[in-house]
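A closer look at the structure
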Amino acid sequence: MAAGENVNWQSRLSDMLSAHSWPENFDNIVEKLSTGIPLSLDDGVGLFKSNDLETIGKIANLVKESRFSNKAFFNVNVHINQTNICTLACKFCAFRRGRRAKDAYQLEIDDYVEDLRKYSAHVDEVHSVGGLHPEWTVDHYSKLFTTVKREFPSIHIKALTAVEVKHIASLSNLTIKETLIQLRDSGLGSLPGGGAEILDDGVREIICRGKESSSEYLDIHKTAHELGIPTNCTMLFGTIESNEQRVAHMIKIRELQNSTNGFQCFVPYPFLPDDSRLPEAQLATGSEVLRVIAISRLMLNNIPHIKAYRMNLGDNIAELALQFGADDIDGTVQKESIMHLAGSNAPLDHDKVMLAKLVTNAGCVPMQRDTVYSRFEEFIPKPQPKRRTLKMAVDD
Ligand code: SF4
C-alpha cells in the first residue's frame, strides 16, 4: 500500500462500483476493476474510442476515491534547469540550444546554489532536468548534489531524466548502475519521469531520434528502483502516436511496476505544438487531456498517483482533471522553462494558498506532501489578518 492510500482500497472500489449502475458496454471494464484484473490493450483502446467520456471520468474518479478519498496532493518545489545545451535535438523540444546559440546557458555549481538559495526558505524539493551537456560527467553532478545537500540538507533533489543518466554514464565510462550509485550517494533523492515520451521505438525514431530506446528507459528506471531510488514516469501524447501506442506505453510501465514497485506517480501530458516543431501535431483538446488522465487511472492499477501536471495543462484543466482520476497537481514550481518555452502559460506565482484553492475548487481536500509521499498533511491556510479600515477624513 502506498503512503496516503486507503487500506483495502480494492474491496472499497468493488463496493463503490456496485453502488452505481453503469452503461452495459462498460460491464467488462467494471467487472475487471471490481475484481482487480488489469485492463488489457483492447480494453484501453476501447476506452479511447468510446464516446462516453462522462462514464469513463466517473469510473476513474471512483478508482481514485477508493484509494485516496477526496484528497489531492501538491508539494512546494522549485525547478532549476542546469543547462539548456544539448547534444540531441528532439523534434518536440523547444528548450534545447546548441552550444553556440546566443541564449545557450550552463549554470556553474555556484550559480545553481545561488539560484536555489532564493527559494530555499520555502521549498522542500528542487526539480532539475536539463540538456545533455557535452562535458559534464558524473563528477560534476556529484559535486553539485553534494554541495546542495551540504547547504540545504532538508531539500530533496529530484533530478535527471533517464536519457541524462544514460548520457552521463556514457561520458563517464561507467555503467548505469555505477552512475546511479554515485549520484545517489551524493544526494540524489529521486528521478523525475521525463523522457518516456511514447515507449515505442518507431515513434521515438521520428520524434526523438538518438534518445534512449524504450527498453533503455525502462531498464534505467528498473535499476534506480533496485537501488532504492524512487522514480516517476511520464507519457508525452499528441505528437504522432496512435491510441494503441498510448495504451501499450501504459502497459509497459505497469509491467515494470509489477516487478519493482518503484514508480510513485504517472504524469501524462500533451505536446504543446507550434508551427515549427512537428507541424502535423494538433494541440490536444481539453476533453482529450481528461480522457488520457482518466484512462491512465484505469489502466495503471498498480501506480498509486496520477498527476495532472499544472505547468503543462494549465490551472483550469488541472483542476478538472482532479474529477477525472488525478490525485496530484504537482507543486508551486515558481520557476519553469521547459513547458513555458513550448507555449504553456500556467502561472508561476502560485503559493500554497493558491494551490489549495485550486484543489478545493475541484471539491477535494488539499494535502501538502513531500516528494516521495512519505510525509503529508492537510493544508489549512492560516486565516489572513483582518485589514484595518482606514478612517478617512472626508469633507462632505
Ligand atoms: S528533450 Fe531533452 S534530450 Fe531531447 S533535445 Fe530537449 S533537452 Fe535534449
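Here, every reference points to the structure presented above.
Residues numbered from 1 in each chain as written. Predicted model: local features only at pLDDT ≥ 70, side-chain atom pairs only at ≥ 80, totals over all residues. Heavy atoms only, no water.

Quick look at the overall build of the protein chain
This is how the line gets drawn: Each helix corresponds to a stretch of at least 4 residues labelled H or I by DSSP, and each strand to a stretch of at least 2 residues labelled E; elements are numbered beginning at the N terminus. Values of the radius of gyration come from C-alpha atoms, whereas the globule rule sets the reference at 2.2 Å times the count of residues to the power 0.38. Each residue gets one of three labels from its accessible area relative to the maximum for its type: buried under 20%, exposed over 50%, partly exposed in between, using a 1.4 Å probe on protein chains only. Any two residues whose heavy atoms approach within 4.5 Å at even a single point are treated as in contact.
Broken down by element type, the protein chain carries 15 helices and 11 strands. The C-alpha radius of gyration computed for the protein chain amounts to 22 Å, which stays within 12% of the reference 21 Å derived for 396 residues, consistent with globular compactness. Its C-alpha atoms give the protein chain principal-axis dimensions of roughly 75 × 60 × 45 Å. By residue count, 57% of the 396 residues in the protein chain fall in the buried class. The long-range fraction of contacts in the protein chain, counting pairs at least 24 apart against all pairs at least 6 apart in sequence, stands at 76%.

Focus on the packing of helix 11 (residues 243-260) against helix 12 (residues 286-299)
As a reminder, the rule being used: Angles here are taken between N-to-C directions and fall from 0 to 180 degrees, while the axes themselves are lines fitted to C-alpha atoms, restricted in helices to the stretch in contact. By definition, turning the near helix anticlockwise from the far helix through less than a right angle yields a left-handed crossing, and turning it clockwise yields a right-handed one. Charged means Asp, Glu, Lys or Arg here, nonpolar means Ala, Val, Leu, Ile, Met, Phe, Trp, Tyr, Cys or Pro, and polar covers whatever is left, Gly included.
The contact between helix 11 and helix 12 brings their axes to 10 Å, and the two run at 35°. The element helix 11 and its partner helix 12 pack so that their crossing is right-handed. Taken together, the residues of helix 12 that come into contact with helix 11 (itself represented by Arg246, Val247, Met250, Ile251 and Arg254) are Glu288, Val292, Ile295, Ser296 and Met299. Considered class by class, the residues forming the contact of helix 11 with helix 12 number six nonpolar, one polar and three charged.

Some words on the sheet that holds strand 1 (residues 71-75)
Where strands meet in a sheet, backbone hydrogen bonds hold them as pairs that are either parallel or antiparallel. Short version of the rule: Strand pairing is assigned whenever DSSP detects at least two bridges linking the two strands.
Strands sit in the order 9-1-10-11 across an open sheet of four strands; the sheet is mixed. Each edge of the sheet is formed by a strand with only one pairing partner; in this case those strands are strand 9 (328-331) and strand 11 (376-378). For this sheet, the mean inter-axis angle between neighbouring strands, taken without regard to orientation, is 25°. Across three bridges, the pairing between strand 10 (residues 365-369) and strand 11 is antiparallel. Bridging from a neighbouring strand, Arg369 pairs with Phe376 of strand 11. Against the sheet, helix 15 (residues 352-361) contacts strand 1, strand 9 and strand 10, and its axis sits at roughly 140° relative to strand 10.

Some thoughts on the nonpolar core
Applicable threshold: Here, nonpolar core means buried Ala, Val, Leu, Ile, Met, Phe, Trp, Tyr and Cys residues that are tied together by side-chain atoms lying within 4.5 Å of each other.
Core analysis: the largest hydrophobic core is formed by 118 residues, its most contacted members being Leu33, Ile59, Leu116, Phe145 and Leu298. Broken down by element, the residue count for this core peaks at eight residues, all from helix 12. Apart from the residues within four sequence positions on either side, Leu116 is in contact with Val78, Ile80, Val126, Val148, Phe152 and Ile155.

As for the sheet that holds strand 5 (residues 188-190)
One open sheet holds the four strands; their spatial order is 2-3-4-5, and the pairing between them is parallel. Both outer strands of the open sheet, strand 2 (77-79) and strand 5, are each paired with one neighbouring strand and no more. Taking the axes of each pair of neighbouring strands and ignoring which way they run, one obtains an average angle of 35° across the sheet. In terms of strand pairing, strand 3 (residues 125-128) meets strand 4 (residues 156-159) through four bridges, oriented parallel. Paired with Val126 across the two strands is Ile157, which belongs to strand 4. Contacting strand 4 and strand 5, helix 6 (residues 138-151) crosses the sheet at an angle of about 155° to strand 4.

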